[in-house]
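Descriptive structure summary
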Amino acid sequence: MTRAQMLHRLQAHAAAWDIIVIGGGATGVGVAIDAAARGYDVLLLEGSDFGKGTSSRSTKLVHGGVRYLEQGNVSLVMEALKERGILRQNAPHLVSNLAFIVPNYDWWEAPFYGLGLKIYNVLSGKYGFGPSQILSREDTLQRLPTINREGLRGGVVYYDGQFDDARLLINMVATAAEQGATLVNYCHVTGLTKDGNGFVNGVVARDEENGNTFTASAKVVVNATGPFTDALRRLADPSLEAMIAPSQGIHLVFDRSFLPGESAIMVPHTSDGRVMFAIPWRGHTLVGTTDTPIPEPTLEPSAREEEIQFILTTAGQYLHKAPSRADVLSVFTGIRPLVTAANASNTAALSRDHTIHIDASGLLSIAGGKWTTYRHMAEDCVNHAATLGQLLERECVTRQLNIHGFHPHPERFGQLSSYGSDAPAINELMEREPELAAPLAEALPYVGAEVVWAVRHEMARTVEDVLSRRTRALFLNVKAAREAAARVASLMAQELGTDANWKARQLVAFEQVARHFSLEADAVGGGPDN
Ligand SMILES: Cc1cc2nc3c(=O)[nH]c(=O)nc-3n(C[C@H](O)[C@H](O)[C@H](O)COP(=O)(O)OP(=O)(O)OC[C@H]3O[C@@H](n4cnc5c(N)ncnc54)[C@H](O)[C@@H]3O)c2cc1C
């Protein structure tokens, strides 16, 4: 899977595509897999890198959403729990079972959460991840040795899924390509073309690598641009009212000592009424998230000072040793593409979770939902797209479709387990060239062979692609990612056949992004435009 091959497929395709998908996040790539697996002819264009938007910035949970259960939204929870089970079945190399503990400090919490979480497990039916259980104080402390002991009565343990969002997305891109879809990153859609009746029948796009503009036509155009949904819709009709109310959420990453066990902490009610998680993830501790309405989405959002303080304060209430600013290894920010209720009346299909909306121009937008339910969203979207584009009716087949890298025992591959069936090929690279086995930075487990693999097989084009989404270095530890950048640039330059200027430009561009993940003074936002 190389970008050159994909561009070649694109250029060789003179006829109209069945479906063009705009946006290479979980939603768009999910749609591309579904449509291609049904046998439709699919093109997906991503303006930046696959997963550059929200889909690499989630809390990394494949979950039913305990919060929705409390709100009485049982069908939504059941659907997500089912999708959680399907995803673990189809991508066991990237989705794993994780124990979550709700610590109890009040007498009523054990029976209240005990019952709620029992229902949560019952709703998962045959897709269950494990029974919930009330824990004594001693059991809770054994599983969560760093939990705040003062007033602790015990806890309730339940099970949910955990995953690596960007790695799953990259493997989904490969899956879509294997099913026959053409997917190109760094191709920004700048316009929509229309037929004589004013119906959208294609796109105008710019190849961000060489500046060339091209057009492609399709029977249906699907807008899967997440937080940018309205900007795309307004390319067809600038007068349209907004359907997205963007809201950002941040996560802070600390070292593993803050949560050394194998269990996560789930706080059901923070002081602002939200759910907060502290999760062991890739040898680190991930804490989040917040929910802050923002006026406009940006591709590289920044954490606000009050969000950072809120997470530090809340974490400090539950952890024996309160983390401080100096302990933060990385901060990352994602934007929720929430659909406003005002627009609900004129949507073609409305689920409480995701929304499929068709404008008068025939542009189909799919937004909202969550990572966990991407497959179900895609099924729903392609059903609508097929009707809209008068495509031959074909059944969805993704329930039983393995994601690229599928392996029943990925743990055999140790540090490379998230590559699943690709891991032996990466090991071979290291055997052939032992210098590729050297770590990219002391504090991180990533090695040079992963960089070479990412360029050769995963369409990585920039240093940031490798350090943010093919590996997760920038999300785990900004300082270590900065240390690794020069070596990554050299390895990539060799693979791509680029020169010293390319390397220098890449390092400057990477540093601009890295600032958003760092708590250094110049990185943190706070103004209305962040
Ligand atoms: C803080 C936070 C935590 C979350 N945690 C979880 C979780 O733990 N579990 C879960 O299930 N869900 C979670 N979610 C929800 C989930 O992450 C999102 O629902 C999902 O990632 C949205 O994917 P998307 O593809 O719709 O949007 P995006 O991932 O943002 O993708 C949209 C893409 O469109 C591209 N694009 C935009 N304009 C153009 C253009 N003109 N041309 C071409 N491409 C364009 C962008 O570059 C981007 O890559 C979380 C969300 C947030 C914000």
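Everything below is about the structure shown above.
None of these values were measured; they are calculated from a predicted model.

Some words on the overall build of the protein chain
Of the regular secondary structure elements, the protein chain holds 16 helices and 19 strands. Here the protein chain has a C-alpha radius of gyration of 23 Å; the compact-globule value for 530 residues is 24 Å, and the two agree. Structurally, the protein chain occupies a C-alpha span of about 70 × 55 × 50 Å along its principal axes. For the protein chain, the residues scored as buried account for 59% of the 530 residues in total. Taking contacts inside the protein chain between residues at least 6 apart in sequence as the whole, the part at least 24 apart equals 71%. Of the roughly 20,700 Å² of accessible surface on the protein chain, 52% is carried by carbon and sulfur atoms. The average position of the 47 basic charges and that of the 58 acidic charges among the side chains of the protein chain differ by 2 Å.

Side note on a nonpolar patch on the surface
A cluster of nonpolar side chains, namely Trp107, Trp108 and Phe112, defines an oily patch on the protein surface of about 380 Å² accessible area. Examined against the element boundaries, Trp108 turns out to sit in the loop between β4 (95-104) and α5 (109-123). Given the relative accessible area of 35%, Trp108 is considered partly exposed.

Some remarks on the site of the ligand
Residues in close proximity to the ligand total 38 residues, the closest being Thr27, Glu46, Ser55, Leu61 and Thr372. Within the contact set of the ligand, an oxygen atom lies 2.7 Å away from a side-chain nitrogen or oxygen of Thr27. Measuring from a nitrogen atom of the ligand, one finds a backbone N or O atom of Val189 at 3.0 Å. Among the elements of the structure, α2 (26-38), β8 (187-194), β11 (244-255) and β16 (330-339) are those that each provide at least two residues to the shell around the ligand. Class assignment of the residues belonging to the shell around the ligand gives a composition of 13 nonpolar, 20 polar and five charged.

Details of the pairing of strand β14 (residues 284-288)
The element β14 is largely enclosed, with a buried count of five among its five residues. Residue alternation in β14 divides its side chains into two sets, His284, Leu286 and Gly288 and Thr285 and Val287, and both sets are buried. Where β11 meets β14, five bridges bridge the pair, whose relative direction is antiparallel. Residue pairing for β14: Val253 is matched across the bridge by Leu286.

Looking at the pairing of strand β6 (residues 154-163)
Here β6 lies mainly inside the structure; nine of its ten residues are buried. For strand β3 (residues 61-62) and β6, the ladder comprises two bridges, and the chain directions are antiparallel. Considered in β6, the bridge of Val62 is made with Gly161. Bridge analysis of β4 against β6 gives ten bridges, and the strand direction is antiparallel. Bridge pairing in β6 links Leu98 to Asp160. Sheet topology places strand β5 (residues 133-135) next to β6; three bridges connect them, and they run antiparallel. Directly across from Gln133, in β6, lies its bridge partner Val157.

Some remarks on the pattern of salt bridges
All chains considered together, the criterion is met by 33 salt bridges. Where Arg470 meets Asp49, a salt bridge forms, and the shortest distance between an N and an O atom there is 2.7 Å. With Arg470 in helix α13 (residues 463-470) and Asp49 in the loop between β2 (42-45) and β3, this pair connects stretches of sequence that are 421 residues apart. Each of the two residues, Arg470 as well as Asp49, counts as buried. In this structure, Glu300 and Lys52 form a salt bridge, with 2.6 Å as the shortest nitrogen-oxygen distance.

Quick notes on the side chain of Asn171
The residue Asn171 is located in helix α7 (residues 165-178) in this model. Here the side chain of Asn171 touches His93 through a polar contact of 3.0 Å, side chain to side chain. In contact with Asn171, not counting residues within four places along its chain, are His93, Leu94, Ile403, His404, Gly405, Ser418 and Glu458.

Structural notes on the side chain of Ser124
If you trace the backbone, Ser124 turns up in the loop between α5 and β5. Filtering out sequence-adjacent residues up to four positions away, Ser124 remains in contact with Leu81 and Arg84.

What about α5?
Since the α-helix turns once every 3.6 residues, residues separated by three or four places project in the same direction. For α5, which comprises 15 residues, the first-to-last C-alpha distance of 21 Å matches the rise-based estimate of 21 Å (1.5 Å per residue) to within 8%. At its buried positions, α5 is contacted by α3 (66-70), α4 (74-90), β4, β5 and β6.

Digging into the nonpolar core
Leu45, Leu168, Met172, Leu183, Leu192 and Val203 are the most contacted members of the largest nonpolar core, which has 71 residues in total. When residues no more than four places from it in sequence are discounted, the contact partners of Leu192 are Ile22, Val200, Gly202, Val203, Val221, Leu232, Leu235, Ala236 and Leu363. Judged by nonpolar contacts, the second largest core, of 67 residues, contains Ala264, Ile426, Met430 and Val452.

Observations regarding the packing of aromatic side chains
Any pair of aromatic rings gets described here by the distance separating the centres and the angle formed by the planes. Throughout the structure, instances matching the rule amount to twelve aromatic pairs. Plain terms: the ring middles of Phe112 and Tyr113 are 5.0 Å apart, the flat faces sit at 80 degrees to each other, and that makes the pair edge-to-face. The class of Phe112 is partly exposed, set by a relative accessible area of 44%. You can call Tyr113 buried: its relative accessible area is 8%. Taken together, a centroid distance of 5.8 Å and an interplanar angle of 80 degrees make the contact between Trp371 and Tyr374 edge-to-face. You can call Trp371 buried: its relative accessible area is 9%. Counting every residue linked through ring pairs, the aromatic cluster contains Phe100, Tyr120, Tyr158 and Phe277. Of note, Arg67 hangs over the ring of Tyr68, and the distance from its end group to the ring centre comes to 5.4 Å.

Rules of the game
- Residues numbered from 1 in each chain as written.
- Predicted model: local features only at pLDDT ≥ 70, side-chain atom pairs only at ≥ 80, totals over all residues.
- Heavy atoms only, no water.
- Helix = DSSP H or I, 4+ residues; strand = E, 2+ residues; numbered from the N terminus.
- Rg over C-alpha atoms; globule rule 2.2 N^0.38 Å.
- Buried < 20%, exposed > 50% of the residue type's maximum accessible area, 1.4 Å probe, protein only.
- Contact = heavy atoms within 4.5 Å.
- Areas by Shrake-Rupley, 256 points an atom, 1.4 Å probe, with all protein chains shown as cover.
- Lys, Arg positive; Asp, Glu negative; His and termini not counted.
- Charge placed at Lys NZ, Arg CZ, Asp CG, Glu CD.
- Patch = residues over 30% accessible without salt bridge, like charges linked within 9 Å, V, L, I, M, F, W, Y side chains within 5 Å.
- Salt bridge = Lys/Arg side-chain N within 4 Å of Asp/Glu carboxyl O.
- Near = heavy atom within 4 Å.
- Polar contact = N/O pair within 3.5 Å; in protein donor to acceptor, adjacent residues only side chain to side chain.
- Nonpolar A, V, L, I, M, F, W, Y, C, P; charged D, E, K, R; others polar.
- Pairing = 2+ DSSP bridges.
- Expected span 1.5 Å × (residues − 1).
- Core = buried A, V, L, I, M, F, W, Y, C linked by side-chain atoms within 4.5 Å.
- Phe/Tyr/Trp six-rings, centres within 6.5 Å; stacked < 30°, edge-to-face > 60°.
- Lys NZ or Arg CZ within 6 Å of the ring centre and 35° of its normal.

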